[in-house]
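# Chains, contacts and geometry: an overview
Each chain is listed here by its residues.
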Amino acid sequence: MAPAPLLPFQRQILDGLLDENALCVVARGLGLERILGELGRACATPQALVFLLNASDQDEDSLKQLFMQMRSGDGTNESTQLQVIKNETNSAARAHLYRKGGLVSVTSRILVVDLLNKLVPVELTTGIIVCNASRVSAESIEAFILRLVRQQNPRAF
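Now for a quick tour of the structure. (Residues numbered from 1 in each chain as written. Predicted model: local features only at pLDDT ≥ 70, side-chain atom pairs only at ≥ 80, totals over all residues. Heavy atoms only, no water.)

### A word on the pattern of salt bridges
Cut-off, in case you're wondering: Salt bridges are identified by distance alone: a Lys or Arg side-chain nitrogen within 4 Å of an Asp or Glu carboxyl oxygen. Elements are defined by DSSP. Helices are runs of H or I of four residues or more, strands are runs of E of two residues or more, and each kind is numbered from the N terminus. Whether a residue is buried, partly exposed or exposed follows from its accessible area with a 1.4 Å probe, protein chains only, as a fraction of its type maximum: under 20%, in between, or over 50%, in that order.
Under the counting rule described, the total for this entry stands at five salt bridges. Measuring nitrogen to oxygen at the nearest pair gives 3.0 Å for the salt bridge that ties Lys86 to Asp57. Highlighted residues: Lys86 in the loop between β2 (82-85) and α4 (91-100) and Asp57 in helix α3 (residues 57-74), separated in sequence by 29 residues. Judged by its relative accessible area of 26%, Lys86 is partly exposed. Members of the salt-bridge network, linked through shared partners, are Asp57, Glu60 and Lys86.

Here it is as structure tokens:
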């Protein structure tokens with residue numbers, strides 16, 4: 001069964017995120033998963049790499065289910081899916097996943113190490129989505145990641 005279409009306010013949020021480099025604050029219960037899913041679907045392609053930081057296991061599971069519903073609902077073989085990188089994933093496998101593009105959920109610690117070791121093709125990086133950004137400070141590892149990516153790829157959101 002395909003997910004219901006976005007509500008008008010959700011569509012407005014998504015359009016704003018796609019049009020400009022933006023901060024989006026969404027309260028619980030207003031469909032953040034759907035907005036993230038549509039944002040990932042629009043931005044993460046094999047030619048582009050989008051990172052998802054600070055996502056909980058529950059967030060990742062919800063997005064995986066949503067992508068499966070989207071694929072089955074529109075009858076296409078769309079390859080949008082969420083790749084999850086955990087501690088068990090070795091560096092060669094991570095480098096391979098990065099080069100494939102798409103939407104990749106990764107811990108901040110792994111991503112910063114991979115950025116510093118040049119495993120991440122920053123030129124392919126379209127952007128970074130930071131979940132639960134209210135917990136991020138200017139001195140955090142996530143802020144450092146954002147600065148690293150922005151220095152090497154100013155076009156990334």
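### Remarks on the side chain of Glu142
Definition in use: For this count, His and the chain ends are skipped, Lys and Arg are scored as positive, and Asp and Glu as negative. N or O atoms within 3.5 Å of each other form a polar contact, as long as, within protein, one can give a hydrogen and the other can take it, and as long as residues adjacent in sequence are counted only when both atoms are side-chain atoms. Throughout, a contact is declared for two residues whenever any of their heavy atoms are within 4.5 Å.
Tracing the backbone through its elements, the reader meets Glu142 in helix α6 (residues 141-152). Nearest to the buried, unbridged Glu142 among oppositely charged side chains is Arg109, at 8.0 Å. At 2.9 Å, the side chain of Glu142 forms a polar contact with the side chain of Ser108. Sequence-distant contacts of Glu142, that is, excluding residues within four places in its chain, are made with Leu53, Asn54, Ser108 and Val136.

### Brief notes about the layout of surface pockets
Counted only if it meets this: Every definition here rests on a 1 Å grid over the protein atoms only: cavities are sets of points where a 1.4 Å probe fits but cannot get out, pockets are open sets enclosed by protein on both sides within 12 Å along at least five of seven lines, and lining residues have some atom within 4 Å of a point. Grid points are joined across faces, edges and corners, and a volume is the space filled by probe spheres set on the points. All amino acids are sorted into three groups, where Ala, Val, Leu, Ile, Met, Phe, Trp, Tyr, Cys and Pro are nonpolar, Asp, Glu, Lys and Arg are charged, and the leftover types, Gly among them, are polar.
There is about 1300 Å³ of room inside the largest pocket. Along the walls of the largest pocket sit 40 residues, with Cys24, Val130, Cys131, Asn132 and Ala133 positioned nearest its centre. Those elements that provide at least two residues to the lining of the largest pocket are α1 (8-19), α2 (32-43), α3, β4 (125-130) and α6. Of the residues forming the lining of the largest pocket, the biggest block, six residues, is contributed by α2. Its residues placed into classes, the lining of the largest pocket shows 25 nonpolar, eight polar and seven charged.

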